[in-house]
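The residues making up each chain are set out below.
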Amino acid sequence: MENPVTTPDARAAGLFLGAFNIAFEDDQRMTISVHTAGGTTSVAGHLSDNDLMTFQAEDVAFLLDRLASILSKDKPQGSLTVTVPHPGNGSAPTDAWAWSLTADGGTEPLNPELAVILLPSSANFPQPDAHLGNGTFRNTPSASMDSETLAELRHRGLTIADFDTV
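Parameters at a glance
- Residues numbered from 1 in each chain as written.
- Predicted model: local features only at pLDDT ≥ 70, side-chain atom pairs only at ≥ 80, totals over all residues.
- Heavy atoms only, no water.
- Helix = DSSP H or I, 4+ residues; strand = E, 2+ residues; numbered from the N terminus.
- Buried < 20%, exposed > 50% of the residue type's maximum accessible area, 1.4 Å probe, protein only.
- Pairing = 2+ DSSP bridges.
- Axes fitted to C-alpha atoms, helices over the stretch in contact; angles between N-to-C directions.

Let us look at unusual backbone geometry. Trans peptide bonds make up most of the peptide bonds, and negative phi angles are found at most residues other than glycine. Phi at aspartate 26 takes a positive value of approximately 55 degrees, unusual for a residue other than glycine. Relative to the helices and strands, aspartate 26 is located in the loop between helix 1 (8-23) and strand 1 (29-36). The residue aspartate 51 is not glycine, and still its phi comes out positive at about 65 degrees. Mapped onto the fold, aspartate 51 is located in the loop between strand 2 (39-47) and strand 3 (53-55). Overall, aspartate 51 belongs to the partly exposed group, its relative accessible area being 45%.

Next up, the structure:
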């Protein structure tokens, strides 16, 4: 039996959560996307009144299905991006983070010159070398996300601490 922490579903959930945690700073909106030669799948979230990023659970499930399918291949090909717009501030562009999936199922930062093909041309890369890893965690992670999204990530086999207990 496969270790649930290393299943494609759990790793997809871990990559989603890891990318979110790298980018999130009480932002009003955020989009997490998976890009492949076959197209892009995205999920958009917004900050709720209780300061939790809220996503549509069905959209998260669809994106995770897509990412898990890619990760289940011998040589996954694709990329994962996060964008955070700065509304109302014409001088501030969209902040972006980008990673390519590697042949061993991990990730590596995607060079900003290549990432602009997938992202707005005005994208700013505040952490171009941010390490995402392979979707696993040494310690139990937490996230400032809505309960439905956390439930979907847990359903995929990821153990996540409740944010209010961290």
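Text resumes after the structure shown.
This part covers the pairing of strand 2. Bridging between strand 1 and strand 2 involves eight bridges; their strand directions are antiparallel. What sits directly across from histidine 35, in strand 2, is threonine 40. If you look at the hairpin formed by strand 1 and strand 2, you'll find two residues sitting between the two strands. Sheet topology note: the strand 2/strand 3 ladder contains three bridges and is antiparallel. Looking across to strand 3, one finds that leucine 47 is bridged to methionine 53. If you look at the hairpin formed by strand 2 and strand 3, you'll find five residues sitting between the two strands, and aspartate 51 has a positive phi there, around 65 degrees.

Below, the discussion takes up the sheet that holds strand 2. Judged by pairing direction, the sheet is antiparallel, and its six strands sit side by side in the order 3-2-1-4-5-6 without closing on themselves. Both outer strands of the open sheet, strand 3 and strand 6 (107-109), are each paired with one neighbouring strand and no more. Between one strand axis and the next, the sheet turns by 25 degrees as a mean value, whatever way the strands run.

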